[in-house]
Amino acid sequence: MNAALTPFVESMQDAALAPRLPGSGLAWLDSARATALQAFVQRGLPEVRNELWKYTTLRALSQRRFAAHDAEAAMRMVPPSMLPAVAGDAVRVVFVNGVFRPDLSTSDRLPEGARLQPLSQALREQPEPLRFLLGAQDSEDDGFTLLNRALATEGVILRVEAGTKVAAPLHIVHVGLAGEREAAWHLRSLIELGEDASLDIVEHHVGESGAGHLANLVRDINLRDEARLGWTVVQTAGTEAILLRRCDCRLGDAATLDFHALELGGKLARHEVRVDLAGARARFSSRGAFVLHGRQHADTEILVTHRGRDTVSDSLWRGVADGRGRGVVHGRIMMQPGADGAEGGFYNKNLLLSPDAEIDTRPALEIYADEVKANHGATVGQLDENVLFYLRSRGIPLDMARRLLVRAFCAVTLDGIEPPALREHCGALLAAQLPESMA
Amino acid sequence: MLKIENLHVRVAGKEILKGLSLEAKAGEVHAIMGPNGAGKSTLGNVLAGRPGYEATQGTVTFDGRNLLEMEPEARAAAGVFLAFQYPVEIPGVNNTYFLRAALNAQRKARGGSELDSMQFLKLVREKVREMGMTPELLNRAVNEGFSGGEKKRNEVFQMALLEPRLAILDETDSGLDIDALKQVAAGVNSLRSPERAFLVITHYQRLLDYIVPDFVHVLADGRIVESGDAQLARELEAHGYAWVRERAPAEARA
Ligand SMILES: Nc1ncnc2c1ncn2[C@@H]1O[C@H](COP(=O)(O)OP(=O)(O)OP(=O)(O)O)[C@@H](O)[C@H]1O
Ligand SMILES: [Mg+2]
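Summarised in this report is the structure supplied together with it. Think of each chain on its own: its residues are numbered from 1, step by step along the sequence as written. Each chain takes a letter, starting from A, and each ligand takes a number, starting from 1, following the order in which they are written. Totals for whole chains, interfaces and linings use every residue, but because this is a predicted model, local features are given only for residues with pLDDT of at least 70 and side-chain atom pairs only at 80 or more, for both listing and counting. Only heavy atoms go into the side-chain values, all of them from the structure, while hydrogens and water stay out.

All names here are of chain B. In the region of ligand 1, 16 residues are neighbours, and Gly-37, Lys-40, Ser-41, Thr-42 and His-203 sit closest. Under this definition, polar contacts are N or O atom pairs within 3.5 Å; protein pairs additionally need one hydrogen-donor-capable and one acceptor-capable atom, and for neighbouring residues in sequence, both atoms have to be side-chain atoms. Interatomic distance of 2.8 Å between a backbone N/O atom of Gly-37 and an oxygen atom of ligand 1. Areas reported here follow the Shrake-Rupley algorithm with a probe of radius 1.4 Å; residue values treat only the protein chains shown as occluding. Here ligand 1 has 630 Å² of accessible area as a free molecule, and 65% of this is covered by the chains. Put simply, DSSP marks the helices as runs of H or I at least four residues long and the strands as runs of E at least two long, and each gets a number from the N terminus on. Elements that contribute at least two residues to the shell around ligand 1 include exactly strand E2 (14–24) and helix H1 (40–48). Ranked by residue count, the leading element in the shell around ligand 1 is H1, at three residues. When grouped by side-chain class, the residues that make up the shell around ligand 1 number six nonpolar, seven polar and three charged. Throughout, near means a residue has at least one heavy atom within 4 Å of the molecule or strand. The classification used treats Ala, Val, Leu, Ile, Met, Phe, Trp, Tyr, Cys and Pro as nonpolar, Asp, Glu, Lys and Arg as charged, and all other residues, Gly among them, as polar.

Structural data, given as structure tokens:
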């Protein structure tokens, strides 16, 4: 049975007819794409009865149409302010409206042992190694993952060889600019770190305000034994941007993933991060904050599965919503049989700055193992009137007092962002974002 | 400097101050004593502008301005300072950062220039020395994890730095050890000046041995029921508030 053929689904079907998909003609890829599209058409967009989409309704989105691509994307001028320097020696990879921009990228400067290819190029040059990634289906696929399988044309294929420590951070920038029509793009990325390899990635989402588009990003991160990845997402997308991001991470023995996120922009910004702590002593830490105003909607899903012995996960999130902002935080820790000695924690605090703002937070523990420790905590509150008065009684104006407190509330999530210049950059973005309507 | 006339204040639907009048001139120190729940902190709060404290009758003028119409931050900039009976903890906000924000906001509101961090640190170092402040407390979040006495000392330190014209100390002596009490009193005394007035709310005569007040008032059931000089505090210490209650009708008859 087909789900309703909504304008959104129709526009995606049209997109699939375009002959321009890289890799077209490879039988296994054509077939995987066709199967995924069919599954998407049948299933449609995720619905709120899906536990992971409970508080994010896509009814409005289902009535919109998106163009298959932005024909001008390869030529558009990108204002320098959208390409901030996060660290002097960072290697940069830039996508504009979903299209790789070699003219703005310096990925050829990666050191020996690290190799980055845009997906389009990898599909042209050596598609076979990607078969396991793009030829598969997964029971955990949702509507957007299926769409991504059907339509992904670009992405980052990055491999770091065993033992390679990449010193300079890799800066991946996704730029959204206004086009003729509102476009959708689907990026599929794979980041693999060999044994004992080490890398830091800074992922920026930036964009013009008022430019409507839909970015559907699916990434796989695979960290082999003792590999370490630092991953910082800084999202200041334009006011009309719709960002749907999913990341599936798998960690081997004693591998480490340090994840930071600062979600400030976008109209609808969802990030679903799934972490499989498969190897013994694998560690995942996450720190993140969103600050919403107007009618922004942010949805963060952190789904951690402990499978290896003595694995550790530790997550700390802050949410702030003003205006009619709507936030969703879902932290799930699952302890599978065999995860003896595992420790997991998920802590989330939220602040509502207006009576029309709303934040739903759901920490969840599912324990199927003995000898594990799991903790969670979640609160939703308001700025403390007594504290506000204390600050004002010292001469600090109300709007400044509120900013000060909101900033302090979020600041804990910036701790540990490296290098310090990036942490300061994030702090400044946070300060700049603090709702001007807060006066 | 401060003139309160027939002030009635309602908090959470309940009338707490019921026709309070008090005048404090520049250079004076007024001690305010009175039983628990009499409305002493309410007076401090309404002068500092705490939301929810509604003046239903009467007037408060400060340097000729209607204080009750001003926002709390404007009152602070005009020179009103309240040392809280229960200072709040502000996790994540560094004490030094907070002090600088406060001082600069006040300077700006008065049309002055803001201090840069070098100028500010120099000033802080001076005040730390003068007030015998523990410098370590300045590097921590505002009042977070401070002991009761440390919080009180932090209040007095803020006062020294902000140099208000009217300082209201609400039981700043409660919870202080003897040495800290002397230090706080010395700090207050060093700030006494012909341009500055103090309202010192306290339960204890002991503080007034160190900060000798020009006037002592007894606040009971929402108004000033007795005023006198420093001697009044000693009599209160000896006889308790029942003594005032017994005397009041006698005086009314006289
Ligand atoms: N926010 C409030 N809500 C309800 N009642 C209040 C509130 N604030 C003060 N009150 C009441 O007003 C009365 C006076 O309180 P206030 O704190 O001014 O007393 P006080 O004289 O300072 O007492 P103490 O010596 O114990 O500090 C008390 O009965 C108190 O319970
Ligand atoms: Mg009191």
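Any two aromatic rings considered together are summarised by their centre-to-centre distance and by the angle between their planes. Residue and element names in this part refer to chain A. For this analysis, a ring pair means two rings from Phe, Tyr or Trp (six-membered ring only for Trp) whose centres lie within 6.5 Å, classed as stacked if their planes differ by under 30 degrees, edge-to-face if by over 60, and tilted for the remaining angles. Considering all chains together, one arrives at nine aromatic pairs over all chains under this definition. Between Arg-270 and the ring centre of Trp-53, over which it is positioned, the NZ or CZ distance is 3.5 Å. Cation placement over rings: the criterion is NZ of Lys or CZ of Arg within 6 Å of the ring centroid and within 35° of the ring normal. It is Arg-394 that lies over the ring of Tyr-390; its NZ or CZ is 4.8 Å from the centre.

All right, on to the sheet that holds strand E3 (residues 29–33) of chain B then. Residues and elements named next belong to chain B. Between any two strands, pairing holds if DSSP finds at least two bridges. The six strands lie next to each other as E6-E9-E10-E3-E11-E12, forming an open sheet whose pairing is mixed. Two strands in the sheet have a free side with no partner beyond their single neighbour: strand E6 (80–83) and strand E12 (223–228). With direction set aside, neighbouring strand axes in the sheet form an average angle of 20°. When E6 meets strand E9 (residues 166–170), the two strands line up parallel, connected through four bridges. Residue pairing for E9: Val-80 is matched across the bridge by Leu-166. Where helix H5 (residues 148–162) meets the sheet, its contacts fall on E6, E9 and strand E10 (197–201), and the angle it forms with E6 comes to roughly 165°. Its contacts with the sheet put helix H8 (residues 230–239) on E3, strand E11 (215–220) and E12, and the angle it makes with E11 is roughly 45°. A fitted line through C-alpha atoms serves as each axis, taken over the contacting stretch for helices, and the angle formed by two N-to-C directions is quoted from 0 to 180°. Pairs of residues are marked as contacts when any of their non-hydrogen atoms sit within 4.5 Å.

Between chain A and chain B, the residue contacts involve 15 residues of the former and 32 residues of the latter. The term buried area denotes the loss of accessible surface (1.4 Å probe radius) that occurs when two parts are joined, taken as the sum for both partners. Among the residues of chain A in contact with chain B, Phe389(A), Tyr390(A) and Arg394(A) are the three that bury the most area, contributing 42% of the side total. Only one rule defines a salt bridge in this text: a Lys or Arg side-chain nitrogen within 4 Å of an Asp or Glu carboxyl oxygen. At the surface where chain A touches chain B, the tally comes to three salt bridges. Between Glu71(B) and Arg392(A) there is a salt bridge, with its nearest N and O atoms 2.6 Å apart. There are eleven residue pairs in polar contact (both at pLDDT 80 or more) connecting chain A and chain B. Secondary-structure elements contributing two or more residues to the side of chain A that touches chain B are helix H7 (385–393) and helix H8 (398–411) of chain A.

Here we come to helix H3 (residues 95–109) of chain B. Multiply 1.5 Å by the residue count of a helix minus one, and that product is the helix's expected span. For H3(B), spanning 15 residues, the distance from its first C-alpha to its last is 21 Å, which sits close to the expected 21 Å at 1.5 Å a residue. Buried, partly exposed and exposed residues are distinguished by accessible area as a fraction of the type maximum, computed with a 1.4 Å probe on protein chains only: under 20%, between the cut-offs, and over 50%, respectively. Those residues of H3(B) that sit buried are Asn95(B), Thr96(B), Phe98(B), Leu99(B), Ala101(B), Ala102(B), Leu103(B), Asn104(B), Ala105(B) and Gln106(B). Its buried side turned inward, H3(B) meets H7 of chain A together with helix H2 (72–78), strand E7 (90–94), helix H4 (117–131), strand E8 (141–142) and H5 of chain B. Between the side-chain oxygen at the start of H3(B) and the backbone nitrogen of Thr96(B) there is a gap of 2.9 Å, and the oxygen is on Asn94(B). Within two residues after H3(B), Gly111(B) carries a phi angle of roughly 85°, on the positive side.

Each donor-metal-donor angle would ideally measure 109.5 degrees in four-coordinate tetrahedral geometry, or 90 or 180 degrees in six-coordinate octahedral geometry. Residue and element names in this part refer to chain B. In this description, a donor is an N, O or S atom within 2.8 Å of the metal centre, a cutoff extended to 3.2 Å for sodium, potassium and calcium. Water is not part of the atom list, which can make sites seem incomplete. Within the protein, Ser-41 (OG) and Gln-85 (OE1) serve as the donor atoms for the magnesium ion (ligand 2), at 2.0 to 2.2 Å. One end of the pair, Ser-41, is in helix H1; the other, Gln-85, is in the loop between E6 and E7, and 44 residues separate them in sequence. Taking relative accessible area as the criterion, Ser-41 reaches 22% and is therefore assigned partly exposed. Under the relative-accessibility criterion, Gln-85 is labelled buried at 17%.

A covalent bond between the sulfur atoms of two cysteines is what we call a disulfide. Any cysteine sulfur atom paired with another within 2.5 Å is treated as part of a disulfide. Taken as a whole and judged by the stated rule, the model has zero disulfides over all chains. No disulfide involves Cys410(A); its sulfur sits 12 Å from that of Cys426(A), the nearest cysteine.

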